[in-house]
Amino acid sequence: MAANYLQYISSVQDNCGILPHFRYLVSGIDGRVRNIVGQNIISSAYERGLTLFVVDNTQNDRFMQTGFGRYRVVNVLNGEVCLCKDLLNADSFASISRLRSLLADLGFDGIHAMKVITYLNFVKETEHRLGHATVLTPETLEEYGSTMLVEWKLKQLVEKGCLSDENYRYLMGRYSEVSSAAADFEAFLVLISPFLGNSSPASDMAVLLPVGEFASDIPMQKMLCKLLVSYIRQSPQISAILILDDGNGEDRRFIIDVLKSLPDAVEAHMFSDDAFSLGETDRSVLMNTFSVRIYTRHDNMTSCGQIESICGQVDVVKRSSTVTIDRRFKANSPWDMLFGTNRTETSIANAPTKEYRFRKEFINSLYVGSGIIDYAGSKVLFSF
């Protein structure tokens, strides 16, 4: 019975596979439907060797109570995996743009961000002259954490004959111009250090981004999501993303930003207590992003009204009937009364009227394990 919804979806469009080409949105508080659909998504992604990224915007453990199947769950904050490889080595337009974007989320303006990039190039060039590896790491940048340390580095070059006194003074002057930005960048390094691990996410990993823990720190949520999108863009064919959301109101803009930024090749799914509590513009993004939408019971009647409108209306023909009784004495003989020939019945088919396919009161009281599947223009009530 649990797989019937997959059979239905496959039957609507026979030339498509069941899961690989679809993006699922499950909105509502029905845990049974969420777990059934979720386990099918997770098992399919694992079998196809996709790395699963979980954007967890929840405050409790109600979501995915059955776990993540055979995936090994890794919290991105523990520093085990790397989501921003070569972020510090801004040597291309793409890497510079990525770094500028992350810095902007943390309050760096454009000029300040470019000073940071100039500082990184300064460190890289100095390390190259010293004969060290030119791949920057947080440990390398710590060696340039003060003016005194920079002077010591440059004097080493002077002693080796790799730098003249005149160039020494020139480089110290250049450093003084970006030193303030370098000091501010050290605080940024503290934030991104957990994402600079040595290994990339593996195909058997479910990488958890607990953005819900930073509900009061919107810039941190944005930075986490931008790091994720930046990494996925490098390998969209082998990545899948699952968004878990129990938020209310319109303070979840970072989720919409993630969905709008993902490449089309990325398999993306979203489970939400109430996806319709987002703003109208954001709801249109959801409708356009997810090809299969499943609506279960919602507590918020406003959201139920939104689903009522989305499911549309149908023509309903109502009939009325009248009975005319002949009161004349000669028409009311025992035989007439026995066979009903003393009366005339008339049935009238009224003009069609529009009624909602699923009323909001019905959506508000859906049974456990049932939901409305919205796919390819059809809206069907289903039992999971």
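Located above this text is the structure these notes cover.
Residues numbered from 1 in each chain as written. Predicted model: local features only at pLDDT ≥ 70, side-chain atom pairs only at ≥ 80, totals over all residues. Heavy atoms only, no water.

Asks: Please explain the pairing of strand β12 (residues 370-375) as it appears in this structure.
Replies: Regular strands place side chains that alternate from one sheet face to the opposite one. Within β12, 6 of the 6 residues are buried, leaving the element largely enclosed by the surrounding structure. Residues S370, I372 and D374 of β12 are buried on one face, and the alternating residues G371, I373 and Y375, pointing to the opposite face, are buried as well. Judged from the 4 bridges that link them, strand β7 (residues 292-295) and β12 form a sheet pairing that is antiparallel. Each residue of the ladder has a partner; that of V292, found in β12, is Y375. Pairing of β12 with strand β13 (residues 378-383) involves 6 bridges; the strand directions are antiparallel. The residue bridging I372 from the neighbouring strand is L381, located in β13. Linking β12 to β13, which pair antiparallel, is a turn of 2 residues; within it A376 sits at a positive phi near 55 degrees. (Buried < 20%, exposed > 50% of the residue type's maximum accessible area, 1.4 Å probe, protein only. Helix = DSSP H or I, 4+ residues; strand = E, 2+ residues; numbered from the N terminus. Pairing = 2+ DSSP bridges.)

Asks: Is there a simple way to explain helix α11 (residues 301-311) in this structure?
Replies: For an α-helix the count is 3.6 residues per turn, leaving residues at separations of three or four pointing the same way. Looking only at α11, the buried set comprises S303, C304, G305, I307, E308 and C311. Here the buried face of α11 lies against β7, β8 (313-316), β11 (353-356), α13 (360-364), β12 and β13. At the N-terminal boundary of α11, the capping side chain belongs to N300, with an oxygen 2.8 Å from the backbone nitrogen of T302. Where α11 terminates, the next one or two residues include G312, which has phi positive at roughly 80 degrees. (Contact = heavy atoms within 4.5 Å. Polar contact = N/O pair within 3.5 Å; in protein donor to acceptor, adjacent residues only side chain to side chain.)

Asks: Even after reading the chapter, I still don't get the sheet that holds β7, so can you show me in this structure?
Replies: Within a beta sheet, neighbouring strands are joined by backbone hydrogen bonds and run either parallel or antiparallel to one another. With mixed pairing, 9 strands are arranged side by side in an open sheet as β3-β4-β2-β5-β6-β1-β7-β12-β13. In this open sheet, the two edge strands, each paired with only one partner strand, are β3 (72-75) and β13. The sheet shows a mean angle of 20 degrees between the axes of neighbouring strands, taken without regard to direction. Sheet topology note: the strand β2 (residues 51-57)/strand β5 (residues 239-245) ladder contains 7 bridges and is parallel. Bridged to D56 within β5 is L244. (Axes fitted to C-alpha atoms, helices over the stretch in contact; angles between N-to-C directions.)

Asks: In this structure, what is going on with unusual backbone geometry? I would like to understand it.
Replies: Peptide bonds are trans in most cases, and residues, glycine excluded, mostly fall at negative phi. A positive phi angle, close to 55 degrees, is found at A376, a residue other than glycine. Turning to its location among the elements, A376 is positioned in the loop between β12 and β13. Among the residues examined, A376 registers a relative accessible area of 53% and is labelled exposed.

Asks: Sorry if this is basic, but what is going on with the nonpolar core here?
Replies: Generally speaking, a soluble globular protein has its nonpolar side chains buried in company with each other. Counting residues in hydrophobic clusters, the biggest one holds 72 residues, and the most contacted among them are Y119 and F185. If we ignore the near neighbours within four places in the chain, the residues touching F185 are L88, L99, L103, F108, V116, Y119, L120 and L141. Grouped together as the second largest cluster of nonpolar side chains are 30 residues, F22, V26, Y71 and L244 included. (Core = buried A, V, L, I, M, F, W, Y, C linked by side-chain atoms within 4.5 Å.)

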